[in-house]
Amino acid sequence: MTQHINAGEGLLSRSMVAVIVAQFLSAFGDNALLFATLALITQQHYPDWSQPILQMAFVAAYIVLAPFVGQFADSVAKGRVMMVANLLKLVGAAAILAGLNPFLGYGLVGVGAAAYSPAKYGILGEITRGEQLVKANGLMESSTIAAILLGSVAGGWLSDWHLLAAIGVCAAAYGAAVVANLFIPRLPAARPGQPWHPGRMISAFARAARTLWQDSGARFSLVGTSLFWGAGVTLRLLLVLWVPVALGITTHTLPTLLNAFVAIGIVLGAGAAAWLVTLKTVRRCMPAGILMGVAVVLFALQHQLVNAAVLLVAIGLLGGFFVVPLNALLQERGKLSVGAGNAIAVQNLGENSAMLLMLGLYSLVVKLGTPVVAVGIGFGVLFALAIGGLWLWQARRTG
């Protein structure tokens, strides 16, 4: 039987604190390693259009492993799944540190991240009550974005100082995350005893995806979160090329600092969503998604650092308010139908397919020589239109 926190423990139970600490350390490593590896491939004279390829190697693991990681998360105690995943990330960072191909090493980190994601979100439904699930997601997102903030800044600053030291710090963060995972109580597996036959697992994953897609609320969440994370990963890389063009600054540190402003905004937006939005009022998040696209357009036109920083905080705030309720909605619908782990695995497939598509398009337009400001404007307009279309589609379905 699934274990929940006791009534006297409140939201910040021992289990929740352990999960949040482990998630922070793991996400810190992910984001510091991204910018350290980007600096490494720049030092090794890879072309600009190869930068999205690095991120594509990471997200491809989510797509390839999507039929399997959900069952893995539901068949084994989720705290132990998180520990194994962080060990894989540690191996990937160590491979880059040892001088192996950075694309392969970062791809291995992606394998660990793909296994980690269904467990870290799925465990929230096992250690919190239903009415606390949105707040638990707010804590998870706030922890993640705080890690993005600090990890991004640390990765850029350390890379400007010493590249090997930067990558070594990332490996140490993964090692600390493994230790933190040991403090997560061993909860019963959600769905133990499932067969490990690849063909059957792919078929079961396809059935889970079909079941979720037929549920209007789950479908709404899947499309919304996929658009958000596809846009988010593209914006992070856009900043790397936008800073020297718009601001005339060529250090590795400034793009990471600007990413930190987005992270600050997402923490604020996630906190606001946790208190202002419930599962019954989840559509309140939609205007924030549209305004996020508008803010990206305004940002792309800036040439002053202060204005750009303010707009990036606004982009993050709107994004956090948009995505947190959608995550909680999918976890609730998934827990009642296909299992939280399987639901998050299906979500990962959608999100990372969107990332792969957007990164591919971004790499293409950069390779074709499109001005980076024009890329930013087009990106913002398309995102606002996509969220507006999703809102209208959902309103007609539930009308």
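- The name an unreviewed UniProt entry assigns to the protein chain is Lysophospholipid transporter LplT, from the organism Chimaeribacter californicus.
- Quoted verbatim from the Subcellular location (unreviewed entry) field of the UniProt record, the comment on the protein chain reads "Cell membrane".

Some details on the overall build of the protein chain
Next up, step 1: In terms of helices and strands, the protein chain carries 14 helices and zero strands.
Next up, step 2: In sequence order, the secondary structure elements of the protein chain are arranged as α-α-α-α-α-α-α-α-α-α-α-α-α-α.
Next up, step 3: Expected size for 399 residues packed as a compact globule is a radius of gyration near 21 Å; at 20 Å, the protein chain falls within 12% of this value.
Next up, step 4: Judged by the C-alpha coordinates and their principal axes, the protein chain covers about 60 × 55 × 45 Å.
Next up, step 5: Residues counted as buried form 57% of the 399 residues belonging to the protein chain.

Section: the pattern of salt bridges
Once the charged atoms of two side chains with opposite charge are near each other, the side chains can pair.
Next up, step 1: Following the criterion strictly, the structure yields two salt bridges and no others.
Next up, step 2: In this structure, K89 and D30 form a salt bridge, with 2.9 Å as the shortest nitrogen-oxygen distance. In this pair, K89 is assigned in helix α3 (residues 78-97) and D30 in helix α1 (residues 14-43), connecting sequence segments 59 residues apart.
Next up, step 3: A salt bridge links D215 to R333; the shortest N-O distance between them is 2.5 Å. Of the two residues, D215 is situated in the loop between α8 (198-214) and α9 (216-247) and R333 in helix α12 (residues 305-337); the sequence distance between them amounts to 118 residues.
Next up, step 4: On the basis of relative accessible area, R333 is assigned to the partly exposed category, the value being 30%.

Considering the packing of aromatic side chains
Next up, step 1: With the rule as written, the count across this model stands at nine aromatic pairs.
Next up, step 2: Ring centres 5.9 Å apart and planes at 45° place the aromatic pair F58 and Y62 in the tilted group. Of the two residues, F58 and Y62 are both situated in helix α2 (residues 51-75); the distance of four residues between them amounts to about one turn of the helix. Residue F58 shares its accessibility class with Y62, and that shared class is buried.
Next up, step 3: Where W157 meets W161, the ring centres are 6.4 Å apart and the plane angle is 20°; that geometry is what we call stacked.

Focus: the nonpolar core
Next up, step 1: Residues L33, L38, W242, L258, F299, I315 and F322 are the most contacted members of the largest nonpolar core, which totals 88 residues.
Next up, step 2: In terms of domain composition, this core takes at least three residues from each of domain 1 (14-194) and domain 2 (215-394).
Next up, step 3: If near-sequence neighbours (up to four positions away) are discounted, F322 is found in contact with G224, F228, C285, M286, A288, G289 and I387.

Brief notes about the side chain of N259
Next up, step 1: The topology assignment puts N259 in helix α10 (residues 253-276).
Next up, step 2: Among the residues examined, N259 registers a relative accessible area of 5% and is labelled buried.
Next up, step 3: In contact with N259, other than residues within four places in its own chain, are F35, S152, R236 and L239.

Observations regarding unusual backbone geometry
Next up, step 1: Positive phi is not limited to glycine here, since H45 has a value of about 65°.
Next up, step 2: Take H45: it is sitting in the loop between α1 and α2.
Next up, step 3: You can call H45 exposed: its relative accessible area is 71%.

Let's talk about the confidence of the model for the protein chain
Next up, step 1: For the protein chain, the mean per-residue pLDDT works out to 84, and 94% of the residues sit at or above 70.
Next up, step 2: Confidence drops under pLDDT 50 across residues 1-8; counting only partners more than four residues distant or on other chains, this segment forms 20 contacts.

Quick notes on the domain arrangement of the protein chain
Next up, step 1: Each domain of the protein chain was delimited in the assignment, giving domain 1 (14-194) and domain 2 (215-394).
Next up, step 2: Using only C-alpha atoms to locate each centre, domain 1 and domain 2 end up separated by 19 Å.
Next up, step 3: Facing 46 residues of domain 1, the contacting portion of domain 2 comprises 49 residues.
Next up, step 4: Here domain 1 packs against domain 2, burying approximately 4100 Å² in sum over the two surfaces, 70% of which is carbon and sulfur.
Next up, step 5: Counting across the domain 1 and domain 2 interface gives zero salt bridges.
Next up, step 6: Applying the counting rule to domain 1 against domain 2 returns four residue pairs in polar contact (both at pLDDT 80 or more).
Next up, step 7: Mapped by element, the contributors of at least two residues to the side of domain 1 that touches domain 2 are α1, α2, α4 (102-122), α5 (124-127) and α6 (133-161).
Next up, step 8: In terms of residues, the side of domain 1 that touches domain 2 owes the most to one element, α6, which gives 16 residues.
Next up, step 9: Its residues assigned to classes, the side of domain 1 that touches domain 2 comprises 26 nonpolar, 14 polar and six charged.

Things to note about α2
Next up, step 1: The first and last C-alpha atoms of α2 sit 36 Å apart over 25 residues, in line with the 36 Å expected at 1.5 Å per residue.
Next up, step 2: Helix geometry: α2 is bent most strongly at A66, by close to 75°, with proline P67 lying one to four residues after it.

Re the side chain of Q55
Next up, step 1: With respect to the helices and strands, the residue Q55 is situated in helix α2.
Next up, step 2: The exposure class of Q55 is buried, given its relative accessible area of 5%.
Next up, step 3: Among all residues touching Q55, those that are not within four sequence positions of it are L34, Y106, V233, L237 and L359.

Let's talk about the environment of G230
Next up, step 1: Tracing the chain through its elements places G230 in helix α9.
Next up, step 2: Separated by 153 residues in sequence, G230 and F383 have C-alpha atoms that sit 9.7 Å apart.
Next up, step 3: Beyond its immediate sequence surroundings of up to four residues, G230 is in contact with A354, M355 and M358.

Criteria and thresholds
- Residues numbered from 1 in each chain as written.
- Predicted model: local features only at pLDDT ≥ 70, side-chain atom pairs only at ≥ 80, totals over all residues.
- Heavy atoms only, no water.
- UniProt positions renumbered as here; feature names shortened; annotations may be inferred.
- Helix = DSSP H or I, 4+ residues; strand = E, 2+ residues; numbered from the N terminus.
- Rg over C-alpha atoms; globule rule 2.2 N^0.38 Å.
- Buried < 20%, exposed > 50% of the residue type's maximum accessible area, 1.4 Å probe, protein only.
- Salt bridge = Lys/Arg side-chain N within 4 Å of Asp/Glu carboxyl O.
- Phe/Tyr/Trp six-rings, centres within 6.5 Å; stacked < 30°, edge-to-face > 60°.
- Core = buried A, V, L, I, M, F, W, Y, C linked by side-chain atoms within 4.5 Å.
- Domains from an automatic or database assignment.
- Contact = heavy atoms within 4.5 Å.
- pLDDT = per-residue confidence, 0-100.
- Buried area = accessible area lost by both parts, 1.4 Å probe.
- Polar contact = N/O pair within 3.5 Å; in protein donor to acceptor, adjacent residues only side chain to side chain.
- Nonpolar A, V, L, I, M, F, W, Y, C, P; charged D, E, K, R; others polar.
- Expected span 1.5 Å × (residues − 1).
- Bend = angle between axes of the 7 residues up to and from the residue.

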